[in-house]
Amino acid sequence: MHVLLLNPNTRADLTDELVALVAPSFQDTGVAVRGATAPFGADYIASEQTYLIAAHAVLDAWHAHVQQHGRPLAVLVACFGDPGVWALREVAGVPVMGLAEAAMREAEAIGPFAIVTGGAAWGPMLERLARGLRLHGEQTPRGLMAVHTVAASGGALRAAPDQALAELSSACVDVVAAQAHRARPLDAVILGGAALGGWASRLAPVPSVPVIDSVEAGARWLRRVAVA
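Residues numbered from 1 in each chain as written. Predicted model: local features only at pLDDT ≥ 70, side-chain atom pairs only at ≥ 80, totals over all residues. Heavy atoms only, no water.

Structural notes on the nonpolar core
Counting 47 residues, the largest nonpolar core has Met-104, Ile-115 and Ile-190 as the members making the most contacts within it. Residues within four places of Ile-115 in sequence aside, it is in contact with Phe-80, Met-104, Leu-126, Leu-144, Ala-146, Val-147, His-148 and Ile-190. Judged by nonpolar contacts, the second largest core, of 21 residues, contains Ala-114, Cys-172, Val-175 and Leu-191. (Core = buried A, V, L, I, M, F, W, Y, C linked by side-chain atoms within 4.5 Å. Buried < 20%, exposed > 50% of the residue type's maximum accessible area, 1.4 Å probe, protein only. Contact = heavy atoms within 4.5 Å.)

A closer look at the packing of aromatic side chains
Per the counting criterion, the structure on display carries one aromatic pair. Seen from their ring centres, Tyr-51 and Trp-122 are 6.1 Å apart, and the 80° between their planes marks the pair as edge-to-face. Of this pair, Tyr-51 sits in helix α2 (residues 48-69) while Trp-122 sits in helix α5 (residues 122-132), and the two are 71 residues apart along the sequence. Judged by its relative accessible area of 18%, Tyr-51 falls in the buried class. Residue classification places Trp-122 among the buried residues on the basis of a relative accessible area of 4%. Across the ring face of Trp-86, the terminal group of Arg-89 is positioned such that the distance to the ring centre comes to 5.9 Å. Looking at Arg-202, its charged tip hangs above the ring of Trp-199, at a distance of 5.3 Å from the centre. (Phe/Tyr/Trp six-rings, centres within 6.5 Å; stacked < 30°, edge-to-face > 60°. Helix = DSSP H or I, 4+ residues; strand = E, 2+ residues; numbered from the N terminus. Lys NZ or Arg CZ within 6 Å of the ring centre and 35° of its normal.)

Quick notes on the pairing of strand β1 (residues 2-7)
Of all six residues in β1, six are buried, a share of seventy percent or more. As paired strands, β1 and strand β2 (residues 32-37) are joined by six bridges and run parallel to one another. Counterpart to Leu-5 in the pairing with β2 is Gly-35. Crossover handedness for the path β1 to helix α1 (residues 12-22) to β2: right-handed. Judged from the three bridges that link them, β1 and strand β3 (residues 75-77) form a sheet pairing that is parallel. Bridged to Leu-4 within β3 is Val-75. (Pairing = 2+ DSSP bridges. Right-handed = clockwise from strand over helix to strand, strands pointing away.)

Side note on the packing of helix α4 (residues 99-108) against helix α8 (residues 214-226)
Viewed as axis vectors pointing N to C, α4 and α8 meet at an angle of 85°, and their least axial separation amounts to 8 Å. On the basis of the axis angle, α4 is roughly perpendicular to α8. Side by side, α4 and α8 meet where Leu-99, Ala-102, Ala-103 and Glu-106 of the first sit next to Ser-214, Val-215, Ala-217, Gly-218, Arg-220 and Trp-221 of the second. Across the contact of α4 with α8, the residue classes break down as six nonpolar, two polar and two charged. (Axes fitted to C-alpha atoms, helices over the stretch in contact; angles between N-to-C directions. Parallel < 35°, antiparallel > 145°, perpendicular 65-115°, else oblique. Nonpolar A, V, L, I, M, F, W, Y, C, P; charged D, E, K, R; others polar.)

Description of the side chain of Asn-9
Mapped onto the fold, Asn-9 is located in the loop between β1 and α1. Of note is the side chain of Asn-9, whose polar atom sits 2.8 Å from the backbone nitrogen of Ile-45. If sequence neighbours within four positions are ignored, Asn-9 has contacts with Leu-14, Thr-37, Ala-38, Ala-42, Asp-43, Tyr-44, Ile-45 and Ala-78. (Polar contact = N/O pair within 3.5 Å; in protein donor to acceptor, adjacent residues only side chain to side chain.)

Things to note about the pattern of salt bridges
When their charged atoms lie close together, side chains carrying opposite charge are able to pair. Under the counting rule described, the total for this entry stands at seven salt bridges. In this structure, Glu-17 and Arg-158 form a salt bridge, with 2.7 Å as the shortest nitrogen-oxygen distance. One end of the pair, Glu-17, is in helix α1; the other, Arg-158, is in helix α6 (residues 154-159), with 141 residues separating them in the sequence. Residue Glu-17 is classed as partly exposed on the basis of its relative accessible area of 39%. Two residues, Glu-101 and Arg-89, come together in a salt bridge whose shortest N-O distance is 2.9 Å. A residue pair is termed long-range when its members are at least 10 positions apart, and Glu-101 in helix α4 and Arg-89 in helix α3 (residues 85-92) qualify at twelve residues. You can call Glu-101 buried: its relative accessible area is 5%. Put simply, Arg-11, Asp-13, Glu-17 and Arg-158 are held in one network by salt bridges that share partners. (Salt bridge = Lys/Arg side-chain N within 4 Å of Asp/Glu carboxyl O.)

As far as function goes, none of this settles anything; it's purely spatial.
Rendered as structure tokens:
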């Protein structure tokens, strides 16, 4: 028995790191965590074009994995933006989730939330995803209230972690402060990005709200659906 962590980016080293982050959630369960990497596309998705290509690559990676290893118990699409998730749900026959939806649904259970991530293109893309999931603040009082993007993509942030942690910590504080005096202040912040998995605990403290790591949220979902 196994679960699949499917990386829509083409970086196999990132796949290995993500599997290492998720695997401890399955200790003593008898369920293995396997990784699969997109066979084509971008090394780190940061635009509408690379997002669209990644959705196709997700399906190819799924079919190759099933041919080699059989059908997993569940699939976590390890990109904070969830390319190919709906198409994969149509064909997989097992539960499928992306990092963004997993983190947003976890945050929504707490209250109004914001997202901090890397790459300016992700702002409107994530807002569109939240509207599709009915998790946008315009549609629900407990939804997404803001997306704060730093200029560098997740891949670039990962390449300079010390500078990135300082920049992301500041962004989290800023987005909480910007909402603090509004009618609906934030109850949570999501740190989104496959390349930023495990980083939420390394940020400087954010006053009054928890910071949800999108990879850790995905791992919690994966364990819930795969282990009775």
